[in-house]
Amino acid sequence: MREAVFLRQNEAKWRHYETAPPGSPDELAARFIELTDDLAYAQTFYPASPTTQYLNDLTGKLHQHLYKNKPEHTHRFGLFWRRELPLLVARHHHTLAWSLAIFVLCTLLGALSAAYDDSFVRVVLGDAYVNSTLENIAKGDPMAVYKGQSETPMFLFITANNINVALMTYALGATLGLGTVFALFRNGLMLGSFQYFFYQKGVLLPSLLTIWIHGTLEISAIILAGGAGLVMARGMLFPGTYSRAHAFRQSARDGLKLAIGLVPIFIVAGFLEGFVTRHTEMPMAASLAIIGTSAAFIGWYFVVYPYRLARQKNLTS
């Protein structure tokens, strides 16, 4: 991007930041983040320019104002969850929607494959799992697989595994997104064939009421991790007016923040799977309450709240 274009696109914003005091500490921190991004770009492409010097001075002033009181770690941590992560979700909502669409399509493909080929479920899930589940269905407890381990080891193993899967799904975005798409394809295929298997055996409702106690958070987080990988890939494939290297660094950083932001969700999902899902005798109302609460949280924090926050930010900037 030519310096004149860069200046024209951002000068009004910089003047506003320089003259108008921020309305809140959160707004001050958001301004500082935007200015550091602009400064990094200017230092890369216009290192000796007065524009770069101006941005350096302005960023320095905001830095002093932001960090003049020392409880910065607490504020920074809270800011990430209250503002930075939701704004990242809003900024990349189209890419995250693509991740959802790919996953849903692959889930339907998995169910369709299982419907037309009885052996498909065994290929995807393995003979041992299918045989064990068939035995549990015959015994009248189709979800007994969740009672096979003690609570704490199960919680720790599942949580660690899910976080590892999510970070790998994000990291595979570096393969121009092909690895991330494959991870979404694999997980969607497993979910679709898995649920169709229970439908075929006449125990779909018990499976839904049990599996989705933890699955609502877990599957949502896997889709969002796929979105984080696609965000990284998008920076490489579609750099826009930035250099490919700069766009990749920015998109990789955004994707990593999205992936890290999913860790608490995986912890809660792991806790539910380890300690709650095993109670297959749970009343339907309790299952629906947990599933509904989880779905409401995902919808609010990753859809409604980011939209409102981004709209508020646009109105005040």
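Residues numbered from 1 in each chain as written. Predicted model: local features only at pLDDT ≥ 70, side-chain atom pairs only at ≥ 80, totals over all residues. Heavy atoms only, no water.

Would you explain the nonpolar core in this entry?
Proteins that are soluble and globular tend to have nonpolar side chains buried together. Within the largest apolar cluster, 31 residues are counted, with the highest numbers of intra-cluster contacts made by Leu258, Leu262, Ile265, Phe266 and Phe302. Of all the elements in the fold, those that place two or more residues in this core are helix H4 (72–91), helix H8 (151–171), helix H10 (204–237), helix H11 (244–260), helix H12 (263–276) and helix H13 (284–316). Among the elements that line this core, the one with the most residues is H10, at 9 residues. Once you skip the residues sitting within four places of it in the chain, Phe302 turns out to touch Val89, Leu224, Leu262, Ile265 and Phe297. In terms of nonpolar packing, the next biggest core, distinct from the first, is built from 15 residues, Met143, Leu189, Phe194 and Val203 among them. (Core = buried A, V, L, I, M, F, W, Y, C linked by side-chain atoms within 4.5 Å. Buried < 20%, exposed > 50% of the residue type's maximum accessible area, 1.4 Å probe, protein only. Helix = DSSP H or I, 4+ residues; strand = E, 2+ residues; numbered from the N terminus. Contact = heavy atoms within 4.5 Å.)

How should I be thinking about the pattern of salt bridges in this particular structure?
Opposite charge on two side chains permits them to pair, given that their charged atoms come into close proximity. Tallying each qualifying case throughout the model produces 9 salt bridges. Residue Arg122 pairs with Asp127 through a salt bridge whose shortest N-O separation is 3.2 Å. Relative accessible area serves as the criterion here: at 30%, Arg122 is assigned to the partly exposed category. For Asp127, a relative accessible area of 44% puts it in the partly exposed group. Between Lys147 and Asp141 there is a salt bridge, with its nearest N and O atoms 2.7 Å apart. Its relative accessible area of 22% is what places Asp141 among the partly exposed residues. Three or more residues joined by partner-sharing salt bridges are found here, namely Glu11, Arg15 and Glu18. (Salt bridge = Lys/Arg side-chain N within 4 Å of Asp/Glu carboxyl O.)

So what exactly am I meant to see when it comes to the packing of helix H2 (residues 25–45) against helix H3 (residues 50–66) here?
What describes two packed helices is the angle between their axes and the distance between those same axes. Where H2 contacts H3, the two axes come as close as 9 Å, and the packing angle between them is 150°. With respect to H3, the axis of H2 lies roughly antiparallel. Along this stretch, H2 crosses H3, giving a crossing that reads as left-handed. Two secondary-structure elements touch here, H2 through Leu28, Ala29, Arg31, Phe32, Leu35, Thr36, Asp38, Leu39, Ala42 and Gln43 and H3 through Thr52, Leu55, Asn56, Leu58, Thr59, Leu62, His63, His65 and Leu66. Considering only residue class, the contact of H2 with H3 consists of 10 nonpolar, 7 polar and 2 charged. (Axes fitted to C-alpha atoms, helices over the stretch in contact; angles between N-to-C directions. Parallel < 35°, antiparallel > 145°, perpendicular 65-115°, else oblique. Left-handed = near helix turned anticlockwise from the far one by under 90°. Nonpolar A, V, L, I, M, F, W, Y, C, P; charged D, E, K, R; others polar.)

Can you help me understand the packing of helix H5 (residues 93–116) against H10 in this one?
It is at 8 Å that the axes of H5 and H10 come closest, and there the two elements cross at 125°. Taken as axis vectors, H5 and H10 run oblique relative to one another. Relative to H10, the crossing made by H5 is right-handed. Across the interface between the two elements, Thr95, Leu96, Trp98, Ser99, Leu100, Ile102 and Phe103 from H5 touch Ile219, Ile223, Leu224, Gly226, Gly227, Ala228, Leu230, Val231 and Arg234 from H10. Per-class residue counts for the contact of H5 with H10 are 11 nonpolar, 4 polar and 1 charged.

Can you walk me through the packing of aromatic side chains in this structure?
Given two aromatic rings, their pairing is described by the distance between the two centres and the angle made by the two planes. In this structure the tally under the stated criterion is 22 aromatic pairs. Taking 5.0 Å as the distance between ring centres and 90° as the angle between the ring planes, the aromatic pair formed by Phe194 and Phe198 counts as edge-to-face. Here Phe198 and Phe194 lie together in helix H9 (residues 178–200), a separation of 4 residues that amounts to about one turn. The exposure class of Phe194 is buried, given its relative accessible area of 10%. Under the relative-accessibility criterion, Phe198 is labelled buried at 0%. Clustering of aromatic rings is evident, with ring pairs tying together Phe6, Trp14, Tyr41, Phe45, Tyr46 and Tyr54. (Phe/Tyr/Trp six-rings, centres within 6.5 Å; stacked < 30°, edge-to-face > 60°.)

Teacher, can you tell me more about H12 here?
It helps to recall that an α-helix has 3.6 residues per turn; residues three or four apart then point in one direction. With 14 residues, H12 extends 19 Å between its outermost C-alpha atoms, agreeing within 8% with the 20 Å of an ideal straight helix rising 1.5 Å per residue. Among the residues of H12, those classed as buried are Ile265, Phe266, Ala269, Gly270, Leu272, Glu273, Gly274 and Val276. (Expected span 1.5 Å × (residues − 1).)

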